[in-house]
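# A structural walkthrough
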Amino acid sequence: MDRRDLETAVAWIRSAGTVTVLTGAGVSAESGVPTFRGSGGLWQGRRVEDVASPEAFAADPHAVWRFYDERRCRLATVQPNPAHEVLARWQDRFRRFTLVTQNVDGLHALARSRDVLELHGNIWRIRCVECGREREDRTAPLPELPPRCTACGGLERPGVVWFGEALPEGAARDAWRATETADVFLVAGTSAVVYPAAGLVEVAAARGARIVELNPEASALAHLAGVALRAPAGEALPAIDALLSGVPS
Ligand code: OAD
């Protein structure tokens, strides 16, 4: 990580009234959660639309649930890492701080971040496709696949957003609002290829926010970043936090 870039990022963040952060799978990588793209990624050797689309679920709910149940089993054993922990502390450091995530793993909340805007839903939520009843269930593995609604007997689905589906209205509205007013917009651990979420980076840039990218590799929207810290989020965020707190390094 370049020291001058780190100091620039810290200076921007320190003087910002409004800080908005968008996280992606890379922020959970150091917790042992595989990312989607790249080698070893969840989508490698798999067609996304075979497991993460309403069409796939309609065709074979059992197969789709097997995929999500396996992910739930894996996620049940992981813990937040220093990146999640720093972001959880920042909600009390800044006057206006908003955390937007594409992650469905719930690790930001587990690290005690409040009011996380989960653009792609949450894997621990389960929703009935018949009556719409939603519930949280952390059982992994689930005793029966596909699960059935205890209220109406209908088929239940994972509470995540699939390709071709709309984002949750409230979270999307709040995320766009926090992006339009951001002085600094941090993009951490996302390839920035999935829209509409990636569009937040473009909106922030168009509105004049200073963009800081935290990613060991350049994302698709790296050209919009004024500063890029090429390091794992679990190193970059604690490094920024230490300088903000005046801890000598
Ligand atoms: P991707 O898998 O597309 O990208 C992960 C990014 O994290 C890459 O740019 C990596 O370089 C970076 N990365 C890896 N390790 C990192 C680390 N330790 N610290 C920081 N960055 C690291 O994941 P997303 O961008 O989150 O959507 O994917 C976006 C959406 O595509 C997901 O929410 C999911 C997926 O399909 C749905 O399922 C709807």
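Worth saying up front: this structure is predicted, and the values here are computed from it rather than measured.

### What to know about unusual backbone geometry
- The amide bond that connects Ala140 to the next residue, Pro141, takes the cis arrangement and shows omega of 0 degrees.
- Among the structural elements, Pro141 can be located in the loop between strand S5 (134-136) and strand S6 (156-160).
- For the bond from Leu145 to Pro146, the omega torsion is -10 degrees, close enough to zero to count as cis.
- Positive phi values are uncommon outside glycine, yet Arg112 reaches one of about 80 degrees.

### A look at the pattern of salt bridges
- Tallying each qualifying case throughout the model produces 14 salt bridges.
- Residues Arg127 and Glu134 are paired through a salt bridge, measuring 4.0 Å at the closest nitrogen-oxygen approach.
- Of the charged contacts, one joins Arg173 and Asp174 as a salt bridge, the two residues approaching to 3.4 Å between their closest N and O atoms.
- Judged by its relative accessible area of 44%, Arg173 falls in the partly exposed class.
- One continuous salt-bridge network, built from bridges that share partners, spans Arg125, Arg127, Glu134, Glu136 and Arg138.

### A few points about the site of the ligand
- Lining the immediate surroundings of the ligand are 22 residues, of which Phe36, Arg37, His120, Thr190 and Ser191 lie closest.
- In the environment of the ligand, an oxygen atom lies 3.2 Å from a nitrogen or oxygen atom belonging to the backbone of Gln102.
- One of the side-chain N or O atoms of Ser191 is found 2.6 Å from an oxygen atom in the ligand.
- Look at the ligand: alone it shows 790 Å² of surface, and the protein chains cover 90% of it.
- Of the residues in the shell around the ligand, the class split is 10 nonpolar, 9 polar and 3 charged.

### Structural notes on the pairing of strand S2 (residues 96-101)
- In terms of burial, S2 is largely enclosed, as 5 of its 6 residues are buried.
- Across 2 bridges, S2 lies against strand S3 (residues 117-118) in parallel orientation. Considered in S3, the bridge of Thr101 is made with Glu118.

### Thoughts on the nonpolar core
- Within the largest apolar cluster, 32 residues are counted, with the highest numbers of intra-cluster contacts made by Trp90, Leu186, Leu214, Leu237 and Ile240.
- Within the residue set of this core, elements represented by two or more residues are helix H1 (3-14), strand S1 (18-23), helix H6 (82-90), S2, strand S7 (184-188), strand S8 (210-214), strand S9 (227-229) and helix H10 (233-244).
- Setting aside its immediate chain neighbours within four residues, Leu214 contacts Leu186, Val187, Ala188, Gly189, Leu229, Ala231, Ala236, Leu237 and Ile240.
- In this structure, Val64, Ile123, Trp124 and Trp162 belong to the second largest nonpolar core, which totals 23 residues.

### Re the packing of H6 against H10
- At their nearest, the axes of H6 and H10 sit 7 Å apart, and the two run at 35 degrees to each other. In terms of crossing hand, the pair formed by H6 and H10 is left-handed. For the pair H6 and H10, contact is made by Pro82, Ala83, Val86, Leu87, Arg89 and Trp90 and by Ala233, Gly234, Leu237, Pro238, Ile240, Asp241 and Leu244, respectively.
- A breakdown of the residues in the contact of H6 with H10 according to their chemical character gives 10 nonpolar, 1 polar and 2 charged.

### Let's talk about the domain arrangement of the protein chain
- Structurally, the protein chain comprises domain 1 (3-33 + 80-120 + 167-244) and domain 2 (39-77 + 126-160).
- Look at where the C-alpha atoms of domain 1 and domain 2 centre, and you get two points 27 Å apart.
- The interface is formed by 5 residues belonging to domain 1 together with 5 residues belonging to domain 2.
- The junction of domain 1 with domain 2 conceals about 430 Å² of combined surface from both sides, 61% of it contributed by carbon and sulfur atoms.

Rules and cut-offs
Residues numbered from 1 in each chain as written. Predicted model: local features only at pLDDT ≥ 70, side-chain atom pairs only at ≥ 80, totals over all residues. Heavy atoms only, no water. Helix = DSSP H or I, 4+ residues; strand = E, 2+ residues; numbered from the N terminus. Salt bridge = Lys/Arg side-chain N within 4 Å of Asp/Glu carboxyl O. Buried < 20%, exposed > 50% of the residue type's maximum accessible area, 1.4 Å probe, protein only. Near = heavy atom within 4 Å. Polar contact = N/O pair within 3.5 Å; in protein donor to acceptor, adjacent residues only side chain to side chain. Areas by Shrake-Rupley, 256 points an atom, 1.4 Å probe, with all protein chains shown as cover. Nonpolar A, V, L, I, M, F, W, Y, C, P; charged D, E, K, R; others polar. Pairing = 2+ DSSP bridges. Core = buried A, V, L, I, M, F, W, Y, C linked by side-chain atoms within 4.5 Å. Contact = heavy atoms within 4.5 Å. Axes fitted to C-alpha atoms, helices over the stretch in contact; angles between N-to-C directions. Left-handed = near helix turned anticlockwise from the far one by under 90°. Domains from an automatic or database assignment. Buried area = accessible area lost by both parts, 1.4 Å probe.

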